[in-house]
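Listed below, chain by chain, are the residues.
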Amino acid sequence: MSKDAVDSAALDASRTDASQAPADAGDAGYSKDLKARHVNMIAIGGAIGTGLFLGAGGRLHSAGPALAVAYLVCGIFAFFVVRALGEMVIYRPSSGSFVSYAREFLGEKGAYVAGWMYFLNWSTTGIADITAIALYTHYWSFFTDVPQWALALIALAVVLMINMISVKYFGEMEFWFAIVKVAALVAFMLIGIFLLVTQHDVGGQTPGLSVITDNGGFLPHGIMPVVIVMQGVVFAYASLELVGVAAGETAEPQKVVPRAVNSIMWRVGLFYVGSVILLALLLPGSVYSADQSPFVTVLSKIGVPAAGDVMNLVVLTAAMSSLNSGLYSTGRILRSMAMAGSAPKFTAKMNKSQVPYGGILLTSAVCVLGVGLNFLMPSQAFEIVLNVASLGIISTWVIIMVCHLAFVRRAKEGLLTRPGFRLPGSPVTEIVTIVFLLSVLALMWKDPEVGRKTLYLIPIIAAALVAGWYAIRRNVDREAETLMKAGK
């Protein structure tokens, strides 16, 4: 989208009745200290994380070069989700993001499900992140004797401290985390292109198409492994919706959000699809593994050991960034829910720096359980929580698209005005995206080791949500009554 179009979208947004839309009580009290550069880099950081830096290794091993197609397909649908969310953000910016929109368009039950499934996503993603940090740290022999669970606990403590200071400090940290990730990926891709052009030996292989053709072709293990890894690929994009949460703490969301959202598509193509194709041309998929970043694998095999060390430090930064973002977003989401009575009261509390520390502490407490998982099952911890997190992110994205369908329906009824920045192809785009996401969920059944066992959790999660709703519905009714009496 051109600058003129973006400015036009912002102007259209100012003409909407967003100001007349019901305000989220959870939005009160926040500072507006996130700048445009912070939000833009948060969007980039959401597109580059643990799912690429660590997860791509195991997926390349099982799916082969066709993994690039899986990243492309999932990336397109991820863009649709963020574009739909971006349209609702411009209509009414909120730190409660999609939970706030679910409350407005689907009712409090919809907000309740959206919020707690998102909490499930990020609390388990946090476990995946601290597991990844521990795995990355073990790359260096100095830390080999330090238990994986201890490294995970240290990482959690450091990121928790960063998150508690202020949103401005969070934004600054994410800005530099993203700069490091982007710079490292660009540097790696330049090195990879140089290796391809010069035909430089990489671990006994001459890079090029022959690496693919001589090792089973584009689909070395058939189509099924590509299908099975889809839920892991969806997980790789799980931070993209952070743009919607961050918009609630920026002064000019109508200008910032369209640019951030529209830049996601080319980032997906360049960083995910491009890097996977490059990795496949440099080494056979069988060389990569789930317990080491594929970038570290390549750089360690070109005869420059320090290159692997540097990249390992970068991917360590990426995992720290993801954990940092998870604590940030769940803190805001839980506060929005607490103000409506559907989350514990203490998660609504804010410190002097206007940080909702209650929700952040609750997410951190669940991550501590992940430390225990790293103690009991260090070799399987990452894969187990990745699949559980996939349940959370798939349900969150489905709810965002359902919210958008209701949003568009209300606009057609004349109850609100859509901004100029819109999801194209509605309602077909939303329906196709929902079908795709549900099919990815169904495909987890094809993975008997972890995926199928994860699906067995769905009835348990559903029962917990139902029981939880009956436990808190009086609180929700009481808060709604209070707001009505206050004239809100």
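Thresholds applied
Residues numbered from 1 in each chain as written. Predicted model: local features only at pLDDT ≥ 70, side-chain atom pairs only at ≥ 80, totals over all residues. Heavy atoms only, no water. Salt bridge = Lys/Arg side-chain N within 4 Å of Asp/Glu carboxyl O. Helix = DSSP H or I, 4+ residues; strand = E, 2+ residues; numbered from the N terminus. Buried < 20%, exposed > 50% of the residue type's maximum accessible area, 1.4 Å probe, protein only. Axes fitted to C-alpha atoms, helices over the stretch in contact; angles between N-to-C directions. Parallel < 35°, antiparallel > 145°, perpendicular 65-115°, else oblique. Left-handed = near helix turned anticlockwise from the far one by under 90°. Contact = heavy atoms within 4.5 Å. pLDDT = per-residue confidence, 0-100. Core = buried A, V, L, I, M, F, W, Y, C linked by side-chain atoms within 4.5 Å. Nonpolar A, V, L, I, M, F, W, Y, C, P; charged D, E, K, R; others polar. Phe/Tyr/Trp six-rings, centres within 6.5 Å; stacked < 30°, edge-to-face > 60°. Lys NZ or Arg CZ within 6 Å of the ring centre and 35° of its normal. Expected span 1.5 Å × (residues − 1). Polar contact = N/O pair within 3.5 Å; in protein donor to acceptor, adjacent residues only side chain to side chain.

Draft legend 1. Structural view of the pattern of salt bridges. Under the defined criterion, the tally for this structure stands at three salt bridges. Between Glu 104 and Arg 92 there is a salt bridge, with its nearest N and O atoms 2.8 Å apart. Here the residue Glu 104 occupies a position in helix 6 (residues 97-106), and Arg 92 occupies one in the loop between helix 5 (67-91) and helix 6, the gap between them amounting to twelve residues. A single burial state applies to Glu 104 and to Arg 92, both of which are buried. Across the pair Arg 103 and Glu 108 runs a salt bridge, and its minimum N-O distance is 2.8 Å. Classification of Glu 108 as buried rests on a relative accessible area of 17%.

Draft legend 2. Focus on the packing of helix 6 against helix 7 (residues 108-137). Two elements in contact, helix 6 and helix 7, have axes separated by 6 Å at closest approach and are oriented at 160 degrees. Relative to helix 7, the element helix 6 lies roughly antiparallel. For the crossing formed where helix 6 meets helix 7, the hand is right-handed. Residues Phe 98, Val 99, Ala 102, Arg 103 and Leu 106 of helix 6 pack against Glu 108, Gly 110, Ala 111, Ala 114, Gly 115 and Tyr 118 of helix 7.

Draft legend 3. Fine view of unusual backbone geometry. Ser 426 connects to Pro 427 through a cis peptide bond whose omega is 5 degrees. By the element assignment, Pro 427 lies in the loop between helix 19 (381-412) and helix 20 (428-443). Even without being glycine, Gln 199 reaches a positive phi, approximately 55 degrees. Locating Gln 199 in the fold gives a position in the loop between helix 9 (167-198) and helix 10 (209-213).

Draft legend 4. A look at the confidence of the model for the chain. Predicted confidence across the chain gives a mean pLDDT of 81, with 89% of residues reaching 70 or more. Across the chain, the element-wise mean pLDDT spans from 42 in helix 1 (residues 3-15) up to 92 in helix 20. Here residues 1-22 is a poorly scored stretch, pLDDT under 50, and it has 34 contacts once near neighbours within four places are set aside; other chains count.

Draft legend 5. Fine view of the nonpolar core. With 148 residues, the main nonpolar core has Tyr 71, Phe 188, Tyr 237, Met 311 and Trp 397 as its most contacted residues. Counting residues per element, this core draws most heavily on helix 5, at 16 residues. Among residues more than four places away in sequence, those in contact with Phe 188 are Leu 278, Leu 279, Leu 282, Phe 295, Val 298, Leu 299 and Met 311. Residues Ile 127, Phe 235, Val 385 and Ala 389 belong to the second largest nonpolar core, which totals five residues.

Draft legend 6. Quick look at the packing of helix 9 against helix 15 (residues 264-282). Remark: helix 9 packs on helix 15, axes separated minimally by 10 Å, with the N-to-C direction vectors making an angle of 35 degrees. Handedness of the helix 9/helix 15 crossing: left-handed. Contacts between helix 9 and helix 15 involve Val 182, Leu 185, Val 186, Phe 188, Met 189, Gly 192, Ile 193, Leu 195 and Leu 196 on the former and, on the latter, Leu 270, Phe 271, Gly 274, Ser 275, Leu 278, Leu 279, Leu 281 and Leu 282. For the contact of helix 9 with helix 15, the class distribution of residues is 14 nonpolar, three polar and no charged.

Draft legend 7. A look at the packing of aromatic side chains. For the structure shown, the criterion picks out 17 aromatic pairs. Here the aromatic rings of Phe 142 and Phe 143 are separated by 5.1 Å at their centres, their planes lie at 85 degrees, and the arrangement is edge-to-face. Judged by relative accessible area, which is 70%, Phe 142 ranks as exposed. For Phe 143, a relative accessible area of 28% corresponds to the partly exposed category. Taken together, Phe 77, Phe 79, Phe 80 and Phe 436 form an aromatic cluster joined through their ring pairs. In this arrangement the basic side chain of Arg 83 is found over the ring face of Phe 421, its NZ or CZ atom lying 4.1 Å from the centre. Positioned above the aromatic ring of Trp 445 is the side chain of Arg 452, whose terminal nitrogen or guanidinium carbon lies 4.6 Å from the ring centre.

Draft legend 8. Examining helix 5 more closely. With 25 residues, helix 5 should cover 36 Å at 1.5 Å per step; its first-to-last C-alpha distance of 36 Å lies within 8% of that length. Burial within helix 5 is extensive, with 20 of its 25 residues counted as buried.

Draft legend 9. Structural context of the side chain of Ser 275. Here Ser 275 shows up in helix 15. Under the relative-accessibility criterion, Ser 275 is labelled buried at 0%. Reaching out from Ser 275, the side chain makes a polar contact with the backbone oxygen of Phe 271 at a distance of 2.3 Å. With sequence-adjacent residues up to four places away left out, Ser 275 is seen in contact with Leu 52, Met 189, Leu 270 and Phe 295.

Draft legend 10. Quick peek at the side chain of His 404. By secondary structure assignment, the location of His 404 is in helix 19. Given a relative accessible area of 0%, His 404 falls into the buried group. At a separation of 2.7 Å, a polar atom in the side chain of His 404 contacts the side chain of Glu 87. Apart from the residues within four sequence positions on either side, His 404 is in contact with Ala 84, Glu 87, Met 88, Arg 418, Leu 423, Ser 426 and Glu 430.

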